[in-house]
Amino acid sequence: MAGEICCQIDVHSVTKSFPSPGISFSQPPPHQPEISRISVTNALDGQLNSSSNEQAACKRLKDIHMPGRLMEDFLNAASDNTNKNLETCGVLGAFLKGGTFYVTTLIIPKQEATSNSCQALNEEEIYAIQNEESLFPIGWIHTHPSQSCFMSSIDLHTQYTYQGDGTEAVGIVMAPTDQSRKYGIFRLSEPDGMSILKECQERGFHPHTEPVNGNPIYEDCSNIIFNPNLRLQICDLR
C-alpha cells in the first residue's frame, strides 16, 4: 500500500501525502459542533413516517456523527466511474467516544464494478487500516450511477454482513441521477429484516419475502448527525 494516495479533508482545505501502509491521524470530536440531524421524515421529504417499533429501535442505537462533506467528497472520488456507468464502493471507519460514533475515515478499496454491482478486492488492505487506527467498520457507501435510490437484494446481503458485526452499521446509497431522492442512509430492520437475510441462501439478484407483520425489510436511519466540523480522511487504494 506504500505510495497510495491519502487525502486529509476538512471543510477548509485539502492536503495530500504519500504515506506508508499505516495511515496516521488524530481528530477528537469537535466542541459544540453545528449539527444537522437526519430523521426518517426529512430524509424522505416527509413521505414516510417511522413506526413505533422503528422509534424504539432508534432509541437503542448510538448516534453516528458523519462529516458534512462525506457524500459530496465520495461522489467526487467516484465521478470517473459514475461517468462510465460503473458503481463505486467505500468503507466507513469510525471511533467510539462517549457513546457516540464519529466517522473519520473513508476507505475506497481496489474494486471490480459493473453498472449494478461493485466488489471490493484485496480486503486485507482495508482491515490493515482499520486495525492500525482502531476503527469500527460502521458501514459502507456506494453509488447507483444510473439507478434509483434503493437497496438491491445484493445490497441487502452486504448490509447484513456489516450489521451482523455491529448493529449501528449503515449502508449509504448515492443515486446522482435519481431526481426524487439523491441518497439514502439505510439499515436492515431488526429483527424482521435481519432474520429474513439470515435465512436467505440465494445469491445474485433475487426477491426477498416481506415480513409477515408488514414491517419493511430495511428502513431509513434516524440516528445520523451531519457534523460540518468533523474532519474526513479519504484513503483511496485503487
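Residues numbered from 1 in each chain as written. Predicted model: local features only at pLDDT ≥ 70, side-chain atom pairs only at ≥ 80, totals over all residues. Heavy atoms only, no water.

Q: Would you explain the nonpolar core in this entry?
A: Within soluble globular proteins, side chains that are nonpolar tend to cluster in buried spots. If you look at the biggest cluster of nonpolar residues, it comprises 22 residues, and the most contacted ones within it are Ile-64, Met-66, Leu-92, Leu-106, Ile-141, Val-170 and Ile-172. At the level of secondary structure, the elements contributing two or more residues to this core comprise strand 4 (64–67), helix 3 (70–83), strand 5 (89–97), strand 6 (100–108), strand 9 (136–143), strand 10 (170–174), strand 13 (224–227) and strand 14 (232–236). A per-element tally of this core places strand 6 first, with four residues. With sequence-adjacent residues up to four places away left out, Ile-64 is seen in contact with Phe-101, Val-103, Ile-138, Glu-168, Val-170, Asn-223, Ile-224 and Ile-225. Met-151, Phe-186, Ile-196 and Ile-217 belong to the second-largest nonpolar core, a separate cluster that totals 11 residues. (Core = buried A, V, L, I, M, F, W, Y, C linked by side-chain atoms within 4.5 Å. Buried < 20%, exposed > 50% of the residue type's maximum accessible area, 1.4 Å probe, protein only. Helix = DSSP H or I, 4+ residues; strand = E, 2+ residues; numbered from the N terminus. Contact = heavy atoms within 4.5 Å.)

Q: I tried to follow the confidence of the model for the protein chain on my own but got confused; where do I start?
A: In this model, the protein chain carries a mean pLDDT of 82, and residues with pLDDT of at least 70 account for 75%. A low-confidence stretch, residues 1–36 (pLDDT under 50), is modelled with 91 contacts involving residues beyond four sequence positions or located in other chains. Considering only residues more than four positions removed or in separate chains, one finds that residues 38–55, a stretch of pLDDT under 50, has 30 contacts. (pLDDT = per-residue confidence, 0-100.)

Q: What exactly am I supposed to notice about the side chain of Asp-192 here?
A: Inspection of the secondary structure assignment puts Asp-192 in helix 6 (residues 192–199). Within the buried core, Asp-192 has no salt-bridge partner, and the shortest N-O distance to an opposite charge, that of Arg-60, equals 9.7 Å. Polar side-chain contacts of Asp-192 include one of 3.1 Å to the side chain of Asn-213. Non-local contacts of Asp-192, meaning those with residues more than four positions away in its chain, are made with Pro-211, Asn-213 and Asn-215. (Lys, Arg positive; Asp, Glu negative; His and termini not counted. Salt bridge = Lys/Arg side-chain N within 4 Å of Asp/Glu carboxyl O. Polar contact = N/O pair within 3.5 Å; in protein donor to acceptor, adjacent residues only side chain to side chain.)

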